[in-house]
Structures are given as structure tokens and as C-alpha cells.
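# Remarks on the overall topology
The lines below spell out each chain.
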Amino acid sequence: MKPIDSYHRAPWFNPIQNDSIGLFVRKLFCCINAIDSVIKRVSVRLNLSLRAFMTRQQLLLIYPLIMLMTGCAINDKGFTQLRHFENETSYMTTQKTWGGFISTRHSDRGLMLGHTERIKVYPKAEKNAQLPLDQFLQQVDSGNFVEISSKEINLGNMQPFAWIEKNQGIMFHANPIKIGFSAGIESRSVLRLPPDFDGVFIISGDQNGVVKAGVQRSLQQQ
Amino acid sequence: MKILLLKLGFICLLLSGCQATHLVYVHGTTMGLEVAASTETATGRLVFGYDRETFALIPRKKDKQESDAMSLAAISCIYAQGLDDVQFKHFVSTGETAKNIVKHPDTIIDIRKSIQGGSESCLPSGNGAGNTGKGKEESENTIKKEG
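Residues numbered from 1 in each chain as written. Chains lettered and ligands numbered in written order. Predicted model: local features only at pLDDT ≥ 70, side-chain atom pairs only at ≥ 80, totals over all residues. Heavy atoms only, no water.

If you tally the helices and strands in chain B, you get 3 helices and 5 strands. When the helices and strands of chain B are placed in sequence order, the string is α-β-β-β-β-α-α-β. The buried share among the 147 residues of chain B stands at 43%. Element-wise, carbon and sulfur atoms account for 55% of the exposed surface of chain B, whose accessible area totals about 8,000 Å². (Helix = DSSP H or I, 4+ residues; strand = E, 2+ residues; numbered from the N terminus. Buried < 20%, exposed > 50% of the residue type's maximum accessible area, 1.4 Å probe, protein only. Areas by Shrake-Rupley, 256 points an atom, 1.4 Å probe, with all protein chains shown as cover.)

This part is about the pattern of salt bridges. Residue and element names in this part refer to chain A. For the structure on display, the rule yields 14 salt bridges over all chains. Put simply, Lys77 and Asp76 hold a salt bridge, and the shortest N to O gap is 3.5 Å. On the basis of relative accessibility, which here comes to 35%, the residue Asp76 falls in the partly exposed class. The salt bridge partner of Arg118 is Asp108, with a shortest N-O separation of 2.6 Å. (Salt bridge = Lys/Arg side-chain N within 4 Å of Asp/Glu carboxyl O.)

All names here are of chain A. Evaluation of the coordinates by the stated rule reveals 3 aromatic pairs over all chains. A centroid spacing of 5.1 Å and a plane angle of 80° characterise the contact between Phe161 and Phe197, whose relative ring orientation is edge-to-face. Of this pair, Phe161 sits in the loop between strand S6 (146-148) and strand S7 (162-174) while Phe197 sits in the loop between strand S8 (179-193) and strand S9 (200-205), and the two are 36 residues apart along the sequence. Residue Phe161 is classed as buried on the basis of its relative accessible area, which comes to 5%. Ring centres of Phe161 and Phe201 lie 5.5 Å apart, and the angle between their planes is 90°; this geometry places the pair in the edge-to-face category. Residue Phe161 is found in the loop between S6 and S7, and its partner Phe201 is found in strand S9; the two are separated by 40 residues along the sequence. Take Phe161 and Phe201: they sit in the same class, and that class is buried. In textbook terms, an aromatic cluster arises when at least three aromatic residues are bridged by ring pairs, as seen for Phe161, Phe197 and Phe201. When the ring centre of Tyr91 is taken as origin, the NZ or CZ atom of Lys124, which lies over that ring, is 5.2 Å away. (Phe/Tyr/Trp six-rings, centres within 6.5 Å; stacked < 30°, edge-to-face > 60°. Lys NZ or Arg CZ within 6 Å of the ring centre and 35° of its normal.)

Time to look at a nonpolar patch on the surface. All names here are of chain A. On the surface, Ile74, Ile102, Leu111, Leu113 and Phe172 cluster together into a nonpolar patch covering about 390 Å² of accessible area. Along the chain, Leu113 turns up in strand S5 (residues 110-123). Note on Leu113: relative accessible area 40%, which makes it partly exposed. (Patch = residues over 30% accessible without salt bridge, like charges linked within 9 Å, V, L, I, M, F, W, Y side chains within 5 Å.)

Right, let's talk about helix H3 (residues 105-115) of chain B for a bit. Residues and elements named next belong to chain B. Buried residues of H3: Thr107, Ile108, Ile111 and Ile115, and no others. Looking straight down H3, one finds its buried side chains confined to an arc of 100°; they lie on one side. Seen from the buried face of H3, the exposed residues on the opposite side, beyond 90 degrees, are Pro105 and Asp106. Gly117 occupies a position one or two residues after H3 and carries a positive phi of about 65°. (Arc of directions from axis to C-beta.)

We now examine the nonpolar core. Ranked by size, the top nonpolar core spans 25 residues in total, and within it Val121(A), Leu191(A), Leu193(A), Phe201(A), Ile203(A) and Val92(B) carry the most contacts. Take this core: its biggest share by element is 4 residues, from strand S3 (residues 72-81) of chain B. Excluding residues within four positions of it along the chain, Leu193(A) makes contact with Phe161(A), Phe201(A), His22(B), Leu23(B) and Val92(B). Leu131(A), Val140(A), Ile75(B) and Val102(B) belong to the second-largest nonpolar core, a separate cluster that totals 16 residues. (Core = buried A, V, L, I, M, F, W, Y, C linked by side-chain atoms within 4.5 Å. Contact = heavy atoms within 4.5 Å.)

Counting residues at the interface gives 47 residues for chain B and 45 residues for chain A. Between chain B and chain A lies a buried interface of about 3,900 Å² when both sides are counted; carbon and sulfur atoms form 57% of it. Area buried by chain B at its contact with chain A is led by Leu33(B), Val35(B) and Phe88(B), which between them contribute 16% of it. At the boundary of chain B and chain A, one finds 1 salt bridge. Across the salt bridge formed by Glu34(B) and Lys178(A), the nearest N and O atoms sit 2.3 Å from each other. Here chain B is connected to chain A by 18 residue pairs in polar contact (both at pLDDT 80 or more). The biggest single contributor to the side of chain B that touches chain A is strand S1 (residues 23-38) of chain B, with 16 residues. Grouping the amino acids of the side of chain B that touches chain A by side-chain chemistry returns 23 nonpolar, 18 polar and 6 charged. By the bridge criterion, 6 bridges tie S9(A) to strand S4 (residues 85-94) of chain B in an arrangement that is antiparallel. Bridged to Val200(A) within S4(B) is Ser93(B). (Buried area = accessible area lost by both parts, 1.4 Å probe. Polar contact = N/O pair within 3.5 Å; in protein donor to acceptor, adjacent residues only side chain to side chain. Nonpolar A, V, L, I, M, F, W, Y, C, P; charged D, E, K, R; others polar. Pairing = 2+ DSSP bridges.)

Moving on, we get to the pairing of strand S10 (residues 211-216) of chain A. By the criterion of burial, S10(A) is predominantly enclosed, with 5 of the 6 residues buried. Hairpin connection, S9(A) to S10(A): the antiparallel pair is bridged by 5 residues, and Gly209(A) has positive phi, about 85°.

Okay, the environment of Pro59(B) next. Mapped onto the secondary structure, Pro59(B) falls in the loop between strand S2 (43-57) and S3. Sequence separation between Pro59(B) and Ala69(B) is 10 residues; the distance between their C-alpha atoms is 6.0 Å.

Residues and elements named next belong to chain A. The phi angle at Asn75 is positive, at roughly 50°, despite the residue not being glycine. Mapping Asn75 onto the fold places it in the loop between strand S1 (72-74) and strand S2 (77-78). A relative accessible area of 13% places Asn75 in the buried class.

All right, on to helix H4 (residues 133-142) of chain A then. For H4(A), the set of buried residues is Leu133(A), Phe136(A), Leu137(A) and Val140(A). Down the axis of H4(A), the buried side of the element spans an arc of 100°, and every buried residue falls inside it. In H4(A), the exposed positions that point more than 90 degrees away from the buried face belong to Gln138(A) and Ser142(A). Among the structural elements, S9 and S10 of chain A together with S4 and H3 of chain B are those in contact with the buried residues of H4(A).

What follows is the structure in C-alpha cells.
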């Protein structure tokens, strides 16, 4: 087996000979190395300072507390703030997470370390009354979302028609919109409607973060 | 090396075989490092710095007897200033509803006015038309696709 260093000197790894692959791999290595060294430095310093003052039993208590402070959540369980809302035709969920967050939901499947915010809009399963277009537009404009208890709805495996996400930190995405790695800040608004949907979907978000949405399966002919 | 090439080949094969299965509209901003691919768009990208992207995908129909893509009438208005202030308005109609809407051009104008709060401009109130300063981006799209 070759030593690791020989791979670093391999010709295909040279950015001069192969710009795209070389740059891509090198940048990724630099980033991972940098993050890894920061984590190591912090953990070494934390270890040294804690060991100077505490016994092993005290450390066993302190470590879980640090873990709690950094936070961890899986979907709607753990250190996350999840709220549910509804209007006449749709449901909305807002979620804020600090620390580690794993999502297994189809729309935003992935692992995030940092701060994440999610707003998702789901259509209601039941078919609402057919309205003419102008009435439906009025309904959406005046129909604000009202907060409800999580026990009142079961979104189950429903897929959102739209979602807005803001992530800060390190993200590993594995969802249909994105598969890959991100580090930094990202914001995204996505509409994703199934091909068999026949109707109208309206969504708007203003500068204060107020979201309005409406789903109408079919419109009344005018 | 061989394993790496095999993996890359497999990923390329997976991506090239993918087609849009849903109607998709994405507006996203990235600041930092991103190495990503998408099964929906069958594209890969590497970003180091700042990037903003907006794209829409209309799925093809398997049965191409009547048309090759799904029927769609949509109006989208995105106003973005920096990373935090993103305002958006979307009206998306599909299927028979979209076909009925595009038959009446006046209806589209009414819808546009309505979702923009009675205004002719996509810009939010308090920002006059043409006041697109540095760092601001306005994107207005009207898609009419009758299948």
C-alpha cells in the first residue's frame, strides 16, 4: 500500500495538469483539513482546561452538557423548534434548529451542523370547494395562517409543494434538489409540484417573513 | 484510482439518466463553498464564493400523443436584496386549469396585478420601478406553456 503522501504527489492531483479535478479535490482537502484542525485545537484546549480543574466524574457530567448545548435534532425530535399552521387550503410548518440536525424527509434530506430554518407548505388532502379565480385570489390574500397544535395534523409522508430554507454552517445534502456538500451560508426557495397536479398553487413571502399560500385543485369556470 | 473513476462514472450514469419528475422552480443563493449535484436537474456544480441561481423545470410527458410537456401557466416574481431579504410571489397553474387561464390574456394580467398587491411592478412597495441598486435583484417571469 502506498503512503498517503504519494497520493498527494500523484500527477492527476496536480492543479496545473488537470485544473478542474485538481482544484476541486485540493480545495475540498484544504477545507476539510482546516475544519479538522480547528476542531482538534478547540477540543485539545477544552480538554486541557477542563482536566486542570475537574475529576473524571465531573468531566462525565460536563461532556453531555456540552453536547446538549451544541444541540442535536432528527426531523421533529430533539433540540428543534417546530410550529404548525393552517389556512383554508394548506398547512405550513416552520422549524428552527441549532447545532446538529438530521432530516430524513424527502424534500430536505441531509445533515446540517450550524443553524437552520425551514418553512414548508403542504396542500390539504381534502378537496376544497371550487371557487372562481378572483375569489380564490382574494381568499389567499386574506387567509393568514393560524397556528395549530401538532396533534391536530398528521403530515405523514406528504411532500410539500414549496419550502424555504436558510442554512448557516456545514451541510451535507441528499435530497432531489441537491446532493453534495456546502459550507457557509445558503438560502433557497423551492416549488415542487407533482406532474399530475391539476389546479392552482399560490405562494408569497414578504420582507417580514410572512408567508401566504393557497391550493385549489380546480377552478370554477367563469 | 480505478475505484474513484468507477464511482465517478456511476454517478455520471445516474445523473445522465435522470429526468425531471416534478414541476420545479428554484431560487437559491450560496455564499461559501459548495460541491453539489442534482438528480432533478442532472447537473453538477462547484462554487467557491457567492452564487445566485434561478431555474425552472417542466417535466416531459411519457405519453407524447397530445403534447411533449405538461401544461403550465405561471407568474413568478422574486425580489432579493442580500441573503436575508428575499421576497417572492408565485402563481402556478397546471393541467386543464392552465389551459383555461391562457385562453384569456386579460386573466393573466389580473392575476399578475393581484399577486403583486395591485401593483404593475414586481418590486415591493417603497421601491420605485427602476430602483434596483447594487446587490438587489429582481426577477420576473411569466411562463405560458400550453400542452
